[in-house]
Amino acid sequence: VQLQASGGGLVQAGGSLRLSCAASGRTFSINALGWFRQAPGKEREFVANIKRIGASTYYTDSVKGRFTISSNNAENTVYLQMNSLKPEDTAVYYCAASSSWLSSYRNRHEYDYWGQGTQVTVSS
């Protein structure tokens, strides 16, 4: 599976961005898709996930109510709509795909495939 993320950029605080991640290859093996982010000097952290079956979602507390993850299974694409952005959201955002079953999909080790990352910078 290959993942290609796009949509990052520079935005002022309070603004919005929409990230996209297109999956290709053995996409039938994907059971969940997720977004992670890594700020300079920090560990890569979980942001949100969406399960392939049922489309249930889960968010880290800091983005609840501001970010929305969605997917288009027919196009093998996952999106992250980010509203009310804050300077602390500045990071490189990575999409990831998991072929695991019965996982929480909130930890890096549960994901098998990673995109290249896209920079999101929020100015104050």
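Here, every reference points to the structure presented above.
The paragraphs below set out a description of the structure included in this document. Predicted, not measured: the structure shown is a model, and the values here were computed from it. Residue indices begin from 1 for each chain and proceed along its sequence in written order. Whole-chain, interface and lining totals are the exception, using all residues; otherwise, since this is a predicted model, local features are given only for residues with pLDDT of at least 70 and side-chain atom pairs are given and counted only at 80 or more. Hydrogens and water are ignored here; the side-chain numbers use all heavy atoms of the structure.

**A short note on the environment of Phe36**
Here is the rule we go by: To qualify as a helix, a DSSP run of H or I must reach at least 4 residues; to qualify as a strand, a run of E must reach at least 2; elements of each kind are numbered from the N terminus.
Here Phe36 shows up in strand β4 (residues 32–38). Between the C-alpha atom of Phe36 and that of Asp89, which follows or precedes it by 53 residues, the distance is 11 Å.

**Things to note about the nonpolar core**
Going by this rule: Definition used in this section: a nonpolar core is a set of buried Ala, Val, Leu, Ile, Met, Phe, Trp, Tyr and Cys residues joined via side-chain atoms within 4.5 Å. A 1.4 Å probe rolled over the protein chains alone gives each residue an accessible area, and that area as a share of the maximum for its type sets the label: buried under 20%, exposed over 50%, partly exposed in between. It only takes one pair of heavy atoms within 4.5 Å for two residues to be counted as in contact.
Formed by 29 residues in total, the largest nonpolar core has its most connected members in Trp35, Val47, Phe67, Ile69, Leu80, Met82 and Tyr93. Those elements that provide at least two residues to this core are β1 (2–6), β3 (17–24), β4, β5 (45–51), β7 (67–72), β8 (77–82), β9 (91–98) and β11 (118–123). Beyond its immediate stretch of four places on either side in the chain, Leu80 contacts Leu17, Arg18, Leu19, Trp35, Val47, Ala48, Phe67, Thr68, Ile69 and Tyr93. Grouped together as the second largest cluster of nonpolar side chains are six residues, Phe36, Phe46, Ala96 and Tyr105 included.

**Concerning the pairing of β5**
Applicable threshold: Strands pair, by our definition, only if DSSP identifies at least two bridges between them.
The buried fraction of β5 amounts to five of the seven residues, a majority that puts the element mostly inside the structure. Summarising the sheet, β4 and β5 pair through six bridges and their orientation is antiparallel. Bridge assignment links Gly34 to a residue of β5, and that residue is Asn49. Here β4 folds back onto β5 in antiparallel fashion, the turn holding six residues, of which Gly41 has a positive phi close to 80°. Note that β5 and strand β6 (residues 57–59) share three bridges and pair antiparallel. Following the sheet pairing, Ile50 is matched in β6 by Thr57. The turn linking β5 back onto β6 is made up of five residues, and Gly54 within it adopts a positive phi angle of 95°.

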